[in-house]
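Here is what each chain is made of, one letter per residue.
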Amino acid sequence: MTLRLALLLPLLTLPAPAVPQAAPAARAPVIVARIVARFPHDRTAFTEGLIWHDGALYESVGLEGKSDVRRVDLPTGRIVARARIPARQFGEGLAAWKGVLTSLTWHDGVAHRWTAALKPAGTLRYDGEGWGLASDARGFVRSDGSDTLTFHDPATMHVRSRLTVTLNGRAITQLNELEVVDGAILANVWHTPYVLRIDPASGRVTAVIDLRAVVAAAGVTDPEAVANGIAWDAAKRRLFVTGKNWPTLFEIALPAG
């Protein structure tokens, strides 16, 4: 068991700290993901971002000198288009806004912008580390490995607000890849087989999604080949997950609640 997993598991059962003059919040349930379908995935891809955009799957791949953003054929896993990130930069999260894709870099504070055909469309700057990136009706939300989500203007990357994420009353760090599904933020927790469903208004975790069966089905043994990658096809209501250097991308279903 990794250190992060050992630290997260107790928070599923421990009582939340007392809050004077406040009613106790409902405890976050654990819901188990069910595998619906499996698709090939490039097992050399160190996945940092995954989105479904305009009827296609896009992926951001990390590691210095090997980072790129790619369009992937879902049934075959074949790369059909690719844009390279500068060799000195480590590619991270990926999101789309009004037809333009934006990909983060880990330490450089550079957000690369791309057309749907993966042609360069300029760059933006932001402060801090870039881990995960997602978009909703208002703009971008970014993770940086801490317990804080940062909301950005998608046109400028100017910071609009910040939000602390808590599970059963305790702040949760190592928030990684992000996706927005039906208004809720989903976040991988680095080095754990769990995805958090987060209320974007309060930062409270409303459910913990258990991916342990999915991780087992991926059949990876490298401790760095962690679950990381969430994509939502809103039109067909399909939820996809994968991980770093996984040979498989999974469509999963979640129980109601």
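Reading the values: rules and limits
Residues numbered from 1 in each chain as written. Predicted model: local features only at pLDDT ≥ 70, side-chain atom pairs only at ≥ 80, totals over all residues. Heavy atoms only, no water. Pairing = 2+ DSSP bridges. Helix = DSSP H or I, 4+ residues; strand = E, 2+ residues; numbered from the N terminus. Axes fitted to C-alpha atoms, helices over the stretch in contact; angles between N-to-C directions. Buried < 20%, exposed > 50% of the residue type's maximum accessible area, 1.4 Å probe, protein only. Polar contact = N/O pair within 3.5 Å; in protein donor to acceptor, adjacent residues only side chain to side chain. Phe/Tyr/Trp six-rings, centres within 6.5 Å; stacked < 30°, edge-to-face > 60°. Lys NZ or Arg CZ within 6 Å of the ring centre and 35° of its normal. Salt bridge = Lys/Arg side-chain N within 4 Å of Asp/Glu carboxyl O.

**Details of the sheet that holds strand S19 (residues 194-198)**
Pairing is mixed in the open sheet, where five strands are placed in the order S1-S20-S19-S18-S17. Looking at the sheet topology across the chains shown, the edges are occupied by strand S1 (30-32) and strand S17 (175-181). This sheet shows a mean twist of 25° between the axes of neighbouring strands, independent of strand direction.

**Describing unusual backbone geometry**
For lysine 98, which is not a glycine, the phi torsion comes out positive at approximately 50°. We classify lysine 98 as exposed; its relative accessible area is 73%. In this structure, asparagine 168 is a non-glycine residue whose phi angle is positive, near 50°. Structurally, the position occupied by asparagine 168 is in the loop between strand S15 (166-167) and strand S16 (170-171). Under the relative-accessibility criterion, asparagine 168 is labelled buried at 7%.

**A few points about the side chain of threonine 192**
Among the structural elements, threonine 192 can be located in the loop between strand S18 (184-189) and S19. On the basis of relative accessibility, which here comes to 4%, the residue threonine 192 falls in the buried class. In terms of polar contacts, threonine 192 uses its side chain to reach the backbone carbonyl oxygen of valine 189, at 2.9 Å. Among the polar contacts made by the side chain of threonine 192, one reaches the main-chain amide nitrogen of tyrosine 194 at a distance of 3.2 Å.

**As for the packing of aromatic side chains**
What the rule picks out here adds up to six aromatic pairs. Measuring from ring centre to ring centre gives 6.4 Å for phenylalanine 46 and phenylalanine 90, while their planes differ by 80°; the resulting arrangement is edge-to-face. Here the residue phenylalanine 46 occupies a position in the loop between strand S2 (34-40) and strand S3 (47-53), and phenylalanine 90 occupies one in the loop between strand S6 (79-84) and strand S7 (91-97), the gap between them amounting to 44 residues. No difference in accessibility class separates phenylalanine 46 from phenylalanine 90, as the two residues are buried. Relative to phenylalanine 250, the ring of tryptophan 246 lies with its centre 6.0 Å away and its plane at 85°, an arrangement referred to as edge-to-face. Pair check on accessibility: tryptophan 246 and phenylalanine 250 agree, each one buried. Counting every residue linked through ring pairs, the aromatic cluster contains Phe39, Trp52 and Phe240. Looking at arginine 238, its charged tip hangs above the ring of tryptophan 52, at a distance of 5.0 Å from the centre.

**A look at the sheet that holds strand S14 (residues 159-164)**
Hydrogen bonding along the main chain pairs the strands of a sheet, whether they run parallel or antiparallel. What the four strands build is an open sheet, ordered S11-S12-S13-S14; its pairing is antiparallel. The two strands at the open ends of the sheet, each matched to only one other strand, are strand S11 (133-135) and S14. Taken over all neighbouring pairs, the strand axes of this sheet differ in orientation by 25° on average, direction set aside. In this sheet, strand S12 (residues 140-143) lies alongside S11 in antiparallel orientation, the contact comprising three bridges. Residue pairing across strands places leucine 133 opposite arginine 142, the latter belonging to S12.

**Structural notes on the pattern of salt bridges**
Following the criterion strictly, the structure yields eleven salt bridges and no others. Salt-bridge contacts for arginine 88 lead to aspartate 108; the nearest nitrogen and oxygen are separated by 2.8 Å. Highlighted residues: arginine 88 in the loop between S6 and S7 and aspartate 108 in the loop between strand S8 (100-105) and strand S9 (110-114), separated in sequence by 20 residues. By relative accessible area, arginine 88 is classed as exposed at 57%. When its relative accessible area of 22% is taken as the criterion, aspartate 108 is described as partly exposed. The closest approach of N and O atoms between arginine 238 and aspartate 233, which form a salt bridge, is 3.0 Å. Several salt bridges share partner residues, and in doing so they unite Asp42, Asp68, Arg70, Arg82 and Arg84 into one network.

**Overview of the pairing of S14**
One ladder, built from five bridges, connects strand S13 (residues 148-152) with S14; its direction is antiparallel. Bridged to threonine 150 within S14 is arginine 162. Linking S13 back to S14 in an antiparallel pair, the connection comprises six residues, with methionine 157 at a positive phi of about 65°.

Keep in mind that these numbers describe shape and distance, not what the molecule does.
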